[in-house]
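# Inside the fold
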Amino acid sequence: MTENPMGRQRSGWRYKLYRAGRGIRRNWGLYLLLLPAVVLLFCFNYLPMYGVQIAFKDFSPSQGIQGSPWVGLANFQKFFNSFQSKNLIWNTVSLSLYSLIAGFPFPIILALMVNQIRVKRFKQVLQVVTYLPHFISTVVMVGIMLILLSPSNGIYGNLARVLGVQNPANIMGEASAFQHVYVWSDVWQHAGWDSIIYIAALAAVDPSLYEAATVDGASKLQRLWHIDLPFLIPTAVILLIMRAGNVMNLGFEKVYLMQNPLNTSISEVISTYVYKIGMISNQYSLSAAVNLFNTVINFVLLILVNGFSKKLGDTSLW
């Protein structure tokens, strides 16, 4: 027998490094296939982190990142001392939590419903119909909403006049209606697509469990509650943790396209604010500071939710 080059120190970092190198040599083809993805990830996700330092500088394009003077936390103080900061944070958090609470259960419910369908053709048609809206682009989706909800010539306006309302309200122009329109249109568009992963999880359920439950006299509701739901919980927890890590990140395109002067008090969120002060007002350092604050909050929430999930059960990201 050949002697292990690392001796008996199997728990040391040298032995771990030796095992990692041996694994790479054995599976070099797989790592070669992975290399382009790693390079792209490094170039587009890690290399740009060099520019994060402009959040702590008074950045000037003519002076460059290194030549711009260091100002420390001045940009963060400027944001938190502004009259908009509290409103921006509240709008972002409230819209994100509303989207999470309203949108997270629907894919699970839809997956459970699809799993109960025994007619294969109808099941396939239902799946296609529910996940096709996911492929509608954001611009087209907002355009459809503007046309449907137009008080002058949209379906909403014409239907309201048929019912006797001569001057229907402008839903897209009402600040109180912005969050509801944003969230429920998002649920309609993405619930079918998000349910695919739950349907795949339910496909792994052993059919003998259903047969045993049926023999024991369990109803459909009881089989759903005691067999299907327990199988979905680990998947749901993982997706919930990942969603929690993006609580402060809202879809910039949809929010920005739905914005107008009448609903800005509710629709102005951190992502649109960063775009406006950075790309339109050329306040690059302030926009970088606000976006960095947003990212740090997401990271902290991800750590907390993952740790909380790990304490309650065995399901976590790491």
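Everything numeric here is computed off the predicted structure, so don't read it as measured data.

## Notes on the environment of W193
Mapping W193 onto the fold places it in helix α10 (residues 175–203). Residues W193 and L132 lie 61 residues apart in sequence; the distance between their C-alpha atoms is 7.7 Å. If we ignore the near neighbours within four places in the chain, the residues touching W193 are T130, Y131, H134 and F135.

## Topic: helix α6 (residues 105–116)
Here α6 is 12 residues long and its end C-alpha atoms lie 17 Å apart, about the 16 Å a rise of 1.5 Å per residue gives. Taken residue by residue, α6 has P107, I108, L110, A111, L112, V114 and N115 as its buried positions. Close packing links the buried residues of α6 with α5 (85–103), α7 (120–131), α10, α11 (207–215) and α12 (220–244).

## So, the packing of aromatic side chains
Taken as a whole, this structure holds 16 aromatic pairs when the rule is applied. Between F79 and Y273, the ring centres sit 6.0 Å apart and the planes meet at 45°, which makes this aromatic pair tilted. Within this pair, whereas F79 is found in helix α4 (residues 74–81), its partner Y273 is found in helix α15 (residues 270–280), the two being separated by 194 residues in sequence. Considered together, F79 and Y273 belong to a single accessibility category, that of buried residues. Taken together, a centroid distance of 5.3 Å and an interplanar angle of 75° make the contact between Y256 and Y275 edge-to-face. In this pair, Y256 sits in helix α13 (residues 252–258) while Y275 sits in helix α15, placing the two residues 19 residues apart along the sequence. Taken together, F79, F80, Y273 and F293 form an aromatic cluster joined through their ring pairs. Cation over ring: K254 sits above Y182, and NZ or CZ is 4.9 Å from the ring centre.

## Focus on the pattern of salt bridges
This model, assessed by the stated rule, comprises 2 salt bridges. K254 serves as the salt-bridge partner of D186, at 3.5 Å between the closest nitrogen and oxygen. Residue D186 is located in helix α10, and its partner K254 is located in helix α13; the two are separated by 68 residues in the primary sequence. Here K276 ties to E268 by a salt bridge, and the two come within 3.0 Å at their closest N and O atoms. Judged by relative accessible area, K276 falls into the partly exposed class, the value being 22%.

## So, the side chain of N115
With respect to the helices and strands, the residue N115 is situated in helix α6. Under the relative-accessibility criterion, N115 is labelled buried at 16%. Dropping the residues within four chain positions of it, N115 is found in contact with K123, L202, Y210 and D228.

## Topic: a nonpolar patch on the surface
A contiguous nonpolar surface patch, about 1000 Å² in accessible area, is contributed by I24, W28, L30, Y31, L32, L33, L34, L35, V38 and V39. Turning to its location among the elements, W28 is positioned in helix α2 (residues 28–46).

## Some words on the packing of α10 against α12
The N-to-C vectors of α10 and α12 enclose an angle of 140°; their axes lie 9 Å apart at closest approach. Considering their axes alone, α10 and α12 lie oblique with respect to each other. In this structure, the crossing between α10 and α12 has a hand that is right-handed. Residues I197, Y198, A201 and L202 of α10 touch α12, and the partners they reach there are D228, L232, T235, A236 and L239. The class makeup of the residues in the contact of α10 with α12 is 7 nonpolar, 1 polar and 1 charged.

## Quick look at unusual backbone geometry
Phi angles above zero are rare outside glycine, and N282 is one such case at about 60°. One can find N282 in the loop between α15 and α16 (284–312).

Criteria and cut-off values
By convention here, each chain's residues receive numbers from 1 onward along its written sequence. Given that the model is predicted, a residue must reach a pLDDT of at least 70 before its local features are reported, and side-chain atom pairs must reach 80 or more before they are shown or counted; all residues, however, enter totals for whole chains, interfaces and linings. The basis for the side-chain values is all heavy atoms of the structure; hydrogens and waters are excluded. Numbering of helices and strands starts at the N terminus; helices are DSSP runs of H or I of at least 4 residues and strands are runs of E of at least 2. Note on contacts: a residue pair is in contact if any heavy atoms of the two residues lie within 4.5 Å. The length a helix should cover is 1.5 Å for every residue beyond the first. The classification of residues rests on relative accessible area computed with a 1.4 Å probe and restricted to protein chains. Under 20% of the type maximum is buried, over 50% is exposed, and intermediate values are partly exposed. When two rings of Phe, Tyr or Trp (its six-membered ring) have centres within 6.5 Å they constitute a pair, described as stacked for plane angles under 30 degrees, edge-to-face for angles over 60, and tilted for the intermediate range. Only Lys NZ and Arg CZ are tested; either one counts as a charge over a ring when it is within 6 Å of the ring centre and within 35 degrees of the ring normal. Salt bridges are identified by distance alone: a Lys or Arg side-chain nitrogen within 4 Å of an Asp or Glu carboxyl oxygen. Like charges within 9 Å and nonpolar side chains (Val, Leu, Ile, Met, Phe, Trp, Tyr) within 5 Å are joined into patches, using only residues over 30% in relative accessible area that form no salt bridge. Residue exposure ignores everything except the shown protein chains as possible cover, and the areas themselves are Shrake-Rupley values with a 1.4 Å probe. Helix axes are fitted only over the stretch in contact, all axes being lines through C-alpha atoms; the angle between N-to-C directions runs from 0 to 180 degrees. Angles are sorted into four bins: roughly parallel if under 35 degrees, roughly antiparallel if over 145, roughly perpendicular if 65 to 115, and oblique for all others. It is the rotation of the near helix from the far one that decides the hand of a crossing: anticlockwise by less than a right angle makes it left-handed, clockwise makes it right-handed. Note on residue categories: nonpolar means Ala, Val, Leu, Ile, Met, Phe, Trp, Tyr, Cys or Pro, charged means Asp, Glu, Lys or Arg, and polar means any other residue, Gly included.

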